[in-house]
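Report on the structure
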Amino acid sequence: MGLFIFKRLLTLFATLAGASVVVFVVLEILPGNAAQVLLGPDASPEAIAQLTEQLGLNLPAAERYFQWIRGLFVGDMGTSYAYGSPVLELVLERLALTVPLAILAMMITTVIAIAAGIYAASRHNKLGDVGVMGLAQIGIAIPNFWFAILLILLFSVKLQWFSAGGFPGWREADGGGLWPALQALLLPAIALAVVQAAILARITRSSVLDVQQEDFVRTARAKGLSRRATLWRHVLRNAMIPVVTIMGLQFANLLAGTIVVENVFYLPGLGRLIFQSIANRDLIVVRNCVLLLAAMVVLVNFVVDVLYAVIDPRMQAGDA
């Protein structure tokens, strides 16, 4: 197990190193100048040149890249051009919304998908199975942002059960609190979860049906174990192996998917920060946020690999 984790850690760091190079290079070739954006179209060339030097944008690209990487190792992400604040403070402030939103969406996804997938598998080729798979197909076809708008129209405009956007904060001292904050995140979480739940439900159904054809399941049934007991004691543990893998990938997708949904609901999360920083050409914020999202995706995949090896020890032997 130790060798397995060590190899996965090497892969993790190598992937992050490659991602940092790609992110930096892609942002470097984008047209435009941050100093020009900050000073406006009427700024003089001298003022633009002075601000460019002040921001360090006149340095060679390789030097700026290594300065950025050195700063990451000591927790210094630099200072935002547009906000004038340390990037780390901005990111931590926005993560306090984005991470709970992704976790809430993942919880909704897991509950709906596993329940629907098991229900469909237990009624294979019956009306319940057809109905669940039909709804799953519709869910896969619905874009997150479009479903988010429908939720706003129904629950915010027509029924007026929820706010159409904004975030009150987690602390009562700021005018919010735990319950108001969760209420503000519920509709965005549902909008994020619907597509992922549809995908996961289909995978859960297929996995359960595959395991039900195994010899050990037939043996358990031959010994007199009921269908329900066989499902819960033997089938689900083995069927969860591919499901756990997909769940990890989906959580990474949810983190990235918040960029669109946060803008629909006007939530001050990491996704909206990236969107605003792109508009302001605040590239130091963009590259740190994008790399952070990439790191989250890689870290989630690492955790999934470890969980996969714990559930199925054959993975460790195959990787040795």
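Per chain, the residues get numbers from 1 upward, laid out in the order the sequence is written. Selection of residues for local features in this predicted model requires a pLDDT of at least 70, selection of side-chain atom pairs for listing and counting requires 80 or more, and totals for whole chains, interfaces and linings are taken over all residues. Side-chain metrics in this entry use all non-hydrogen atoms of the structure; hydrogen atoms and water are not considered.

Some thoughts on the nonpolar core
Definition of nonpolar core: a set of buried residues of the types Ala, Val, Leu, Ile, Met, Phe, Trp, Tyr and Cys, connected through side-chain atoms within 4.5 Å. Per-residue accessibility, obtained with a 1.4 Å probe over protein chains only, is compared with the maximum for each type, and a residue is labelled buried under 20%, exposed over 50%, and partly exposed between these values. Core analysis: the biggest nonpolar cluster contains 42 residues, and V91, L101, F265, L270 and C289 have the highest contact counts within it. When contributions to this core are tallied by element, the ones reaching two or more residues are α5 (87–122), α7 (144–158), α8 (178–212), α10 (227–264), α11 (270–279) and α12 (283–311). The residues contacting C289, other than those within four sequence positions of it, are V91, L270, L273 and I274. Among the nonpolar cores identified, the runner-up in size contains 21 residues, and I118, V132, L236 and M240 belong to it. Helical segments are the DSSP runs of H or I of at least four residues, strand segments are the runs of E of at least two, and each set is numbered from the N terminus. Pairs of residues are marked as contacts when any of their non-hydrogen atoms sit within 4.5 Å.

A look at empty space enclosed by the protein
Both site types are read off a 1 Å grid over the protein atoms alone. A 1.4 Å probe that fits but cannot get out defines a cavity, while an open set with protein on both sides within 12 Å along at least five of seven lines defines a pocket; lining residues have an atom within 4 Å of a point. Grid points are joined across faces, edges and corners, and a volume is the space filled by probe spheres set on the points. On inspection of all chains with the given rule, the structure shows one cavity of 30 Å³ or more. In this structure, the largest cavity spans a volume of roughly 50 Å³. In terms of lining residues, the largest cavity is bounded by F162, S163, G165, G166, Q183, A184, L187, P188, F265 and L267.

Concerning the pattern of salt bridges
Here a salt bridge means any side-chain nitrogen of Lys or Arg lying within 4 Å of a carboxyl oxygen belonging to Asp or Glu. On inspection of all chains with the given rule, the structure shows one salt bridge. A salt bridge links R205 to D129; the shortest N-O distance between them is 2.7 Å. Here R205 is found in helix α8, whereas its partner D129 is found in helix α6 (residues 127–141), with 76 residues between them in sequence. Across this residue pair, the class does not change: R205 and D129 are buried.

Section: the packing of aromatic side chains
In summary, the pairing rule links any two rings of Phe, Tyr or Trp, Trp by its six-membered ring, whose centres are within 6.5 Å, and it sorts them by plane angle into stacked for under 30 degrees, edge-to-face for over 60 and tilted for everything else. Using the criterion set out here, one finds six aromatic pairs in the structure. Where F24 meets Y65, the ring centres are 5.4 Å apart and the plane angle is 70 degrees; that geometry is what we call edge-to-face. Within this pair, whereas F24 is found in helix α1 (residues 2–28), its partner Y65 is found in helix α4 (residues 61–73), the two being separated by 41 residues in sequence. In this structure Y65 comes out as buried when scored by relative accessible area, which is 14%. With centroids separated by 5.3 Å and ring planes inclined at 75 degrees, the aromatic side chains of Y65 and F66 adopt a geometry described as edge-to-face.

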